[in-house]
Amino acid sequence: LIDRLIRRDYQLEEVQKMPLYPTEEVLWDPNLVPEGEGAGIEGALALPKLNLQFLTVLDYLLRNFTLYRLESAYEIRQDLEDVIPRM
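Residues numbered from 1 in each chain as written. Predicted model: local features only at pLDDT ≥ 70, side-chain atom pairs only at ≥ 80, totals over all residues. Heavy atoms only, no water.

(A) Broad picture of the environment of E35. One can find E35 in the loop between α2 (24-27) and α3 (57-83). Spatially, the C-alpha atom of E35 lies 8.8 Å from that of Q78, the residues being 43 residues apart in sequence. Among all residues touching E35, those that are not within four sequence positions of it are P30 and R77. (Helix = DSSP H or I, 4+ residues; strand = E, 2+ residues; numbered from the N terminus. Contact = heavy atoms within 4.5 Å.)

(B) Representation of the nonpolar core in the model. One finds V26, L27, V33, A73 and Y74 forming the largest nonpolar core, which totals five residues. Counting residues per element, the ones that place at least two in this core are α2 and α3. (Core = buried A, V, L, I, M, F, W, Y, C linked by side-chain atoms within 4.5 Å. Buried < 20%, exposed > 50% of the residue type's maximum accessible area, 1.4 Å probe, protein only.)

(C) Highlighting the pattern of salt bridges. Under the counting rule described, the total for this entry stands at two salt bridges. For the salt bridge of R77 with E81, the shortest nitrogen-to-oxygen distance reads 3.3 Å. Of the two residues, R77 and E81 both sit in helix α3, four residues apart, roughly one turn of that helix. According to the relative accessible area criterion, R77 is buried, its value standing at 6%. In this structure E81 comes out as partly exposed when scored by relative accessible area, which is 41%. The salt bridge involving R86 is made with D82; its shortest N-O contact spans 2.6 Å. On the basis of relative accessible area, R86 is assigned to the exposed category, the value being 61%. (Salt bridge = Lys/Arg side-chain N within 4 Å of Asp/Glu carboxyl O.)

(D) Region of the structure containing the environment of F65. Inspection of the secondary structure assignment puts F65 in helix α3. On the basis of relative accessibility, which here comes to 19%, the residue F65 falls in the buried class. In sequence terms F65 and V15 are 50 residues apart; their C-alpha atoms lie 8.7 Å from each other. Those residues within four positions of F65 in sequence are excluded, and the remaining contacts are V15, M18, P19 and L20.

(E) Spotlight on α3. Its 27 residues place the ends of α3 39 Å apart at the C-alpha level, agreeing with the 39 Å of an ideal helix rising 1.5 Å per residue. Those residues of α3 that sit buried are D59, L62, F65, R69, L70, S72, A73, Y74 and R77. (Expected span 1.5 Å × (residues − 1).)

Following this line, the structure appears as structure tokens:
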């Protein structure tokens, strides 16, 4: 039990060190952010799979934070792809 709690603190510290908005590497990585609007199931955002364990509030917040970062990266990338050709 103690090892599990210590690991959670480590994950929390890692999240606090991460930038709120995506970096350039994340924006242009096709493995993290799908290309195009009609990507369908193949272009789904890559979230970690859920195990058959009970989710804590921290698990829920980490998943939402990851989803927020990927969705914002997708939106920023679309905006950049729209604006850059017009420059």
